[in-house]
Amino acid sequence: MSGLLGARSCLSPVEASDLKSPLGAKIREPLTEARFQQLFGGPEQETELLAKPRWSRLCSPQRRRACSGPGAWRLLLARLPPLRWLPRYRWRAWLLGDAVAGVTVGIVHVPQGMAFALLTSVPPVFGLYTSFFPVLIYTLLGTGRHLSTGTFAVLSLMTGSAVERLVPAPLGGNMSGIEREQLEAQRVGAAAAVAFGSGVLMLGMFALQLGVLATFLSEPVVKALTSGAALHVLVSQLPSLLGLPLPRQIGCFALFKTLAAVLTALPRSSPAELTISALSLALLVPVKELNVRFRDRLPTPIPGEIVMVLLASVLCFTSSLDTRYDVQIVGLLPGGFPQPLLPNLAELPRILADSLPIALVTFAVSASLASIYADKYSYTIDSNQELLAHGVSNLISSLFSCFPNSATLATTSLLVDAGGNTQLAGFFSCIVVLSVLLWLGPFFYYLPKAVLACINISSMRQMFFQMQDLPQLWRISRVDFAVWMVTWVAVVTLSVDLGLAVGVVFSMMTVVCRTQRVQCLALGLAEGTELYRPLRKNHKVPGLCILSYPTPLYFGTRGQFRRILEGHLGLGGGKVKDLVKGDCGFNGSGRQETPKTDGPPDSVAEPVRVVVLDCSGVTFADAAGAREVVQLASRCQDAGIHLLLAQCNASVLETLTQAGLLDRLTPEQLFVSIQDAAAHALERLELTGPKTCIVWV
């Protein structure tokens, strides 16, 4: 341990340059960028290729081969995943599991689809349409083998808010049958228009290859969003649970407005619907818990939702609850499919603000779920192909009056637990929903809507339990914990759309703030190695200063970069403040102590003659940051300080070159590694005797 933390003795400049073999096997010259290109070749060929006109590159032989028959076949394989996995399908091993899982998920899709349709403010049958067409399309285009798509509570809630805003109900609430049908038709058209808009946006993102945008919706943002939306779903279903005909609240503070309205109208609640809700929850919640606790012992999860639907329908029919106690029922589900209808394109500008967050949430939830199970079962996900799959799914299904859809947490977990292996399980799920649409629809005529509200609430179980991860998140990262809490509070107090925007903006602000905080440690060359490690004490090399800047160099950090370099090099009388932790030690518990310094560190007490700037932590640099480095080189040249740059990546080096760095430095001042730069610095200083190489980071 003492070897790692102690100083390395540099007995001579020759030995100091022996970095290729630290034990003294062989001595070599320091390797500069120019020497590296001379030995191993440089980017001349790539530069010549980039210098060619764009039309000549497009017409190159490689490009023509890509547009040939084999290239078209590769493109077809990439865009139709069944052409890849279906020939390798293991029929004997996988078919039974896919069939059982698909039927199980299809049984759950039926009640959940109708329940989530109520969240969307459209008739229940349109939830069945949304549980059929999108599942079928994703099976043909998706790359997630274990992903289950269809209706999703969060999207249904967001779409319902948009529908209520675009097509509000009359203030009086008293409507004739024809007026109610017209209102429902307008709301169905608005929901389909939102799905159409989100599909167009996702296809545009696919055309621009923007699958990387999913990274901006971090895991804390997505989990806080779904957890906060689950609370919105719970509160929005309270009127249906209690039998209160209250108008739906939309906009900011809708959750609190709904709670206030429910508490005010609580004396007018229906005892019959309250009893049905209590009995339904008493059955659904324990069944959900049993499925989770005994998932390894049960051959298939218990279909509590469909059992509850059948029992409630039989009870309502035999007791005539709809006529005797005015219990709200589903009514007639029309058989077959609706006629394809293009949504009103004139509404697209109005629904664009609603379609954008829905498209982002759709892609973020689906891509994250697909990646989780892809990592678990060792296969890969194409994020851009997922954009295409969900974009086409929403676009085509909107022609059949479907509302926005995505992958769902509950049914995806159910499909995996039931033994699903590939996308073929989606076909079996579609068969179940199709049988309900064609033949079994009349059996749901007497289904109480209060049961559907209970299904909505019970399906939020996983989202509510995401709050159990908060203590662990607090221990791992306080910043991620803050992102989670800010997003959740914004979703709950404002709305799902605004909460998503607040969460994304706050998450990006934390990233920017982290780049503004540079932690400085004193590192030394460990004994017998070529590695730099933290030291307990600051040992100094007279006239030498080795600096590493561990953050991107852009317009937001250029001022900090200037102050740090001025403080260490004594340029302009700058002082190193709290941004830089120069004199770093360790306390008894092993945790690092970072006392504040009001002036330059001791390493610059003597005039600096050679400075090495380690750029390995600079992942990118913009024009402002590059000009700052050029100005640093000019100031060092005027002050008689020899500046060396080490470990610049290709993009950073190209940016610095375009900014005119080579007008201030020679190629021999650019080094491949920090060890080569340090050896060259010691050789230039002509130091003798025991010295220690220090890196400030």
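On a predicted model such as this, the values are computed, not experimentally measured, just so you know.

## Some thoughts on the overall build of the protein chain
Counting its regular elements, the protein chain contains 32 helices and 11 strands. Evaluated residue by residue, the protein chain yields a buried proportion of 50% over its 697 residues. Across the protein chain, the fraction of contacts at a sequence separation of at least 24, relative to all contacts at a separation of at least 6, is 82%.

## Re the confidence of the model for the protein chain
Averaged over the protein chain, the pLDDT score is 79; the fraction of residues at 70 or greater is 81%. Segment residues 1-26: pLDDT under 50, and 59 contacts once partners within four positions in sequence are set aside and those in other chains are kept. Considering only residues more than four positions removed or in separate chains, one finds that residues 688-692, a stretch of pLDDT under 50, has 15 contacts.

## Re helix α23 (residues 425-440)
For α23, spanning 16 residues, the distance from its first C-alpha to its last is 21 Å, which sits close to the expected 22 Å at 1.5 Å a residue. Taken residue by residue, α23 has A425, G426, S429, C430, V432, V433, S435, V436 and L437 as its buried positions. Turning to α23, the residues buried within the fold contact α9 (91-119), α10 (125-130), α11 (133-141) and α22 (409-417).

## Re the layout of surface pockets
Estimates place the volume of the second largest pocket at around 1200 Å³. Looking at the second largest pocket, it is lined by 47 residues, and the ones nearest its centre are Y373, L409, A410, S413 and Q462. Only α9, α14 (219-236), α17 (271-293), α18 (304-319), α20 (348-376), α22 and α25 (461-464) provide two or more residues apiece to the lining of the second largest pocket. Counting residues per element, the lining of the second largest pocket draws most heavily on α20, which supplies 8 residues. Split by residue class, the lining of the second largest pocket holds 23 nonpolar, 15 polar and 9 charged.

## So, unusual backbone geometry
Working note: non-glycine residues mostly have negative phi, and peptide bonds are mostly trans. At Q209, a residue that is not glycine, the phi angle is positive and equals roughly 55 degrees. Within the secondary structure layout, Q209 lies in the loop between α13 (177-207) and α14. Despite not being glycine, Q647 has its phi angle at roughly 60 degrees, a positive value. If you trace the backbone, Q647 turns up in the loop between β9 (642-646) and α31 (650-658). Classification of Q647 by relative accessible area gives partly exposed; the value is 26%.

## Brief notes about the pattern of salt bridges
It is possible for side chains bearing opposite charge to pair when their charged atoms get close. Counting across every chain of the model gives 10 salt bridges. Residues joined in a network through salt bridges with shared partners are E219, K223 and D469.

## What about the packing of aromatic side chains?
Summed over the entire model, instances satisfying the criterion amount to 14 aromatic pairs. Each ring, one from F132 and one from F133, has its centre 5.1 Å from the other, and the planes form 85 degrees; the classification is edge-to-face. Classification of F132 as buried rests on a relative accessible area of 9%. We classify F133 as buried; its relative accessible area is 11%.

## Describing the pairing of strand β8 (residues 610-614)
The element β8 is largely enclosed, with a buried count of 5 among its 5 residues. What you see with β8 is no split at all: V610, V612 and D614 on one side and V611 and L613 on the other are buried throughout. Bridge count for strand β5 (residues 544-548) against β8 is 5 bridges, and the pairing is parallel. Across the sheet, S548 pairs through a bridge with D614, a residue of β8. Sheet topology note: the β8/β9 ladder contains 5 bridges and is parallel. Across the sheet, L613 pairs through a bridge with L645, a residue of β9.

## Some details on the UniProt feature "transmembrane region" (unreviewed entry) in the protein chain
Cross-referencing UniProt, the feature "transmembrane region" (unreviewed entry) maps to residues 91-110, 117-141, 188-212, 356-375, 426-447 and 481-509 in the present numbering. The span residues 91-110 is 100% helical and 0% strand by assignment, and the distance between its end C-alpha atoms comes to 27 Å. Along residues 426-447 the backbone is 68% helical and 0% strand, and the end-to-end C-alpha distance reaches 26 Å.

## Things to note about a nonpolar patch on the surface
On the surface, F337, L438, W439, L440 and F443 cluster together into a nonpolar patch covering about 550 Å² of accessible area. Position of L438 relative to the elements: it lies in helix α23. For L438, a relative accessible area of 38% gives the class partly exposed.

Thresholds applied
- Residues numbered from 1 in each chain as written.
- Predicted model: local features only at pLDDT ≥ 70, side-chain atom pairs only at ≥ 80, totals over all residues.
- Heavy atoms only, no water.
- Helix = DSSP H or I, 4+ residues; strand = E, 2+ residues; numbered from the N terminus.
- Buried < 20%, exposed > 50% of the residue type's maximum accessible area, 1.4 Å probe, protein only.
- Contact = heavy atoms within 4.5 Å.
- pLDDT = per-residue confidence, 0-100.
- Expected span 1.5 Å × (residues − 1).
- 1 Å grid on protein atoms, 1.4 Å probe; cavity = no way out; pocket = protein on both sides within 12 Å on 5 of 7 lines; lining within 4 Å.
- Points joined across faces, edges and corners; volume = space filled by probe spheres on them.
- Nonpolar A, V, L, I, M, F, W, Y, C, P; charged D, E, K, R; others polar.
- Salt bridge = Lys/Arg side-chain N within 4 Å of Asp/Glu carboxyl O.
- Phe/Tyr/Trp six-rings, centres within 6.5 Å; stacked < 30°, edge-to-face > 60°.
- Pairing = 2+ DSSP bridges.
- UniProt positions renumbered as here; feature names shortened; annotations may be inferred.
- Patch = residues over 30% accessible without salt bridge, like charges linked within 9 Å, V, L, I, M, F, W, Y side chains within 5 Å.
- Areas by Shrake-Rupley, 256 points an atom, 1.4 Å probe, with all protein chains shown as cover.

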